[in-house]
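Structural overview
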Amino acid sequence: MTASTAKPHVIWLIVAAAFFMETLDGTVIATALPQMAATFGTNPVNLSIGMTSYLVTLAVFIPISGWVADRLGTRRVFAWAVAAFTLASILCALSTSVAQFTAARVFQGMAGAMMVPVGRLAVLRNTGKEDLVRAMAFIVWPGLIAPVIGPPLGGFLATYLSWQWIFLLNVPLGVAGIFLIRAYIPESAPQPRRPLDVAGFVLSGLALSFLMVGVELLGYGGRWQLGALLVAASIALGVALAAHLRRHSHPLIDPTIMAVPSFRTVMIGGTIARTAISAMPFLLPLLFQVGFGLNAFEAGMLYLASMLGNLGMKLGTTQALRRFGFRNVLVFNGALAGASIALCAVLSPDTPIPLVVAIMLVCGLTRSMQFTGLTSMAFAEVPHPQMSSANTLFSTTQQMSMGLGIAVGAVVLHLTAAARDTGGATYDVTDFRITFLVVGLLALSSLLSFVRLRRDAGAEVSGHRRSGDAA
């Protein structure tokens, strides 16, 4: 089999593996921070800069991924991104100081910003719309599993081997990925060569980085003023960016893509839903450790029940979308997702383990279906010429919402603890209960966007209209 004759599902598998590698890398280091800090001779809290720098770099460089892919070719950029990500992983493992580790993470973030968005673009350009739901379900579920297995895997490696193995695991995956990309992914057709919108790139990078750092700082009692200032600056830069994109002859992202109703819905309601749901991999393991008194490995293993939900819903999503359509699935499943998040407020150290597992399972089921539905709906009605801009904007908001989910969870948790005059230094089960209720309400607020979808929205992709006609 050659790149020109490769079947679409082979491309799906390659991109899914890249998505898994990137997402796992972003979650697996959390439980290994104490061991890494001991190697670097610093405090574990100081290593948060390595995680923050990675997320900020992703946010800054994702907006130009579409331009780079159009300019140099999808396959070439995807292969070079995987190679750079693998090299950066080796540099992370070889780091002996916080400065070296941070620099390696920035390099890794630059590679990751090209890797997954360009890989998804390869899928979109080599998959018919009738197979789009299956393709999105295929490449999304590794990203759902990685945040679940990341904490226990990181804890296991750091405890029984060394923290360096967290990054060295990427080497065989990356090397295999490079050869598979060269062998099975066809090069994209030449795209119109357009100049780089430098002003748009600078404005988007500043707006996104200010937003992510600002929201994170809001969770720290002594830095909330700086955080609020950065968020306000991000909003102002966002307004300036929107005006610039409308005026520029070759904008970094085509703003007319927001005129597609289904895509606009995913950008608004989907970002809210992703932010709320993405807070759970952060909040639940923390609850199990702080509230239940479990260690990092035990907390990660208890949260593994949600992975079963992710896997179990993989095939069911396609059937549900065909039977009920995007609108009904996103509304009904979105309500269940918000309710399951709020239901976590009942958890306590005395909660029977089977009930905890059942709630984790429901969280995983609804998380998987909502993410797959949103990803498929985003591109269901996008015209092919605008696919690159749509993919770039979707990838940017997707990554932003994942980072914001963690930040929002931390901010609410800190504020509830501060309200008890603890200064946010200690947390109890009550703080987590309030946080779960707030995050659950945030998830439910996304339904205001989904109910406005047409009943036949994305029917060409879901097959809902065709199945109804056949009935």
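Residues numbered from 1 in each chain as written. Predicted model: local features only at pLDDT ≥ 70, side-chain atom pairs only at ≥ 80, totals over all residues. Heavy atoms only, no water.

Description of the packing of helix 12 (residues 261-278) against helix 19 (residues 429-445)
- Where helix 12 meets helix 19, the axes come as close as 8 Å, and the angle between the chain directions of the two elements is 155°. Viewed along their axes, helix 12 and helix 19 adopt a mutual orientation that is roughly antiparallel. In the packing of helix 12 onto helix 19, the handedness of the crossing is left-handed. Counted together, I272, T275 and A276 of helix 12 and V439, L442, A443 and S445 of helix 19 form the full contact between these two elements.
- Of the residues that constitute the contact of helix 12 with helix 19, the class distribution is five nonpolar, two polar and no charged. (Axes fitted to C-alpha atoms, helices over the stretch in contact; angles between N-to-C directions. Helix = DSSP H or I, 4+ residues; strand = E, 2+ residues; numbered from the N terminus. Parallel < 35°, antiparallel > 145°, perpendicular 65-115°, else oblique. Left-handed = near helix turned anticlockwise from the far one by under 90°. Contact = heavy atoms within 4.5 Å. Nonpolar A, V, L, I, M, F, W, Y, C, P; charged D, E, K, R; others polar.)

As for the packing of aromatic side chains
- Applying the stated criterion across every chain, the model contains two aromatic pairs.
- Ring centres 5.8 Å apart and planes at 55° place the aromatic pair F61 and F201 in the tilted group. Taken together, the residues F61 in helix 3 (residues 48-61) and F201 in helix 10 (residues 198-217) connect sequence positions 140 residues apart.
- Classification of F61 as partly exposed rests on a relative accessible area of 21%.
- The residue whose ring lies beneath R105 is Y54, and the NZ or CZ to ring-centre distance is 4.2 Å.
- Geometry around F371 places R274 over its ring, the cationic atom sitting 4.6 Å from the centre. (Phe/Tyr/Trp six-rings, centres within 6.5 Å; stacked < 30°, edge-to-face > 60°. Buried < 20%, exposed > 50% of the residue type's maximum accessible area, 1.4 Å probe, protein only. Lys NZ or Arg CZ within 6 Å of the ring centre and 35° of its normal.)

Some thoughts on the packing of helix 13 (residues 280-291) against helix 19
- The contact between helix 13 and helix 19 brings their axes to 10 Å, and the two run at 165°. Looking at the two axes, helix 13 sits roughly antiparallel to helix 19. Of the two elements, helix 13 crosses helix 19, and the hand of that crossing is left-handed. Side by side, helix 13 and helix 19 meet where M280, L283, L284, L286, L287, V290 and G291 of the first sit next to V429, F432, T435, F436 and V439 of the second.
- Across the contact of helix 13 with helix 19, the residue classes break down as 10 nonpolar, two polar and no charged.

So, the pattern of salt bridges
- Counted by the stated rule, this structure contains two salt bridges.
- In this structure, the salt-bridge partner of D456 is R454, at a minimum N-O distance of 3.1 Å.
- For R454, a relative accessible area of 41% corresponds to the partly exposed category.
- The network of salt bridges with common partners includes E381, R454 and D456. (Salt bridge = Lys/Arg side-chain N within 4 Å of Asp/Glu carboxyl O.)

A closer look at helix 12
- With 18 residues, helix 12 extends 24 Å from end C-alpha to end C-alpha; this agrees with the ideal 26 Å at 1.5 Å per step.
- The largest bend in helix 12 is about 35°, located at G270.
- Along helix 12, 14 of the 18 residues are buried, which leaves the element largely enclosed by surrounding structure. (Expected span 1.5 Å × (residues − 1). Bend = angle between axes of the 7 residues up to and from the residue.)

A look at a nonpolar patch on the surface
- On the surface, a nonpolar cluster with roughly 600 Å² of combined accessible area is contributed by F156, Y160, L161, W165, L168 and L169.
- Elements represented by at least two residues in the nonpolar patch include exactly helix 7 (132-160) and helix 8 (164-168).
- With respect to the secondary-structure elements, L169 resides in the loop between helix 8 and helix 9 (170-184). (Patch = residues over 30% accessible without salt bridge, like charges linked within 9 Å, V, L, I, M, F, W, Y side chains within 5 Å. Areas by Shrake-Rupley, 256 points an atom, 1.4 Å probe, with all protein chains shown as cover.)

A look at the environment of T271
- Mapped onto the elements of the fold, T271 is located in helix 12.
- For T271, a relative accessible area of 13% corresponds to the buried category.
- Separated by 127 residues in the primary sequence, T271 and Q398 have C-alpha atoms spaced 6.9 Å apart.
- Not counting the four nearest positions on each side in its chain, T271 is found in contact with V266, T397, M400 and S401.
- In terms of polar contacts, T271 uses its side chain to reach the backbone carbonyl oxygen of M267, at 2.5 Å. (Polar contact = N/O pair within 3.5 Å; in protein donor to acceptor, adjacent residues only side chain to side chain.)

Comments concerning helix 9
- With 15 residues, helix 9 extends 20 Å between its outermost C-alpha atoms, agreeing within 8% with the 21 Å of an ideal straight helix rising 1.5 Å per residue.
- Among the residues of helix 9, N170, G174, G177 and I181 are the ones counted as buried. Projected onto a plane normal to the axis of helix 9, the buried residues spread over an arc of 60° and lie on a single side. Relative to its buried face, helix 9 has exposed residues pointing more than 90 degrees away, namely P172 and F179. (Arc of directions from axis to C-beta.)

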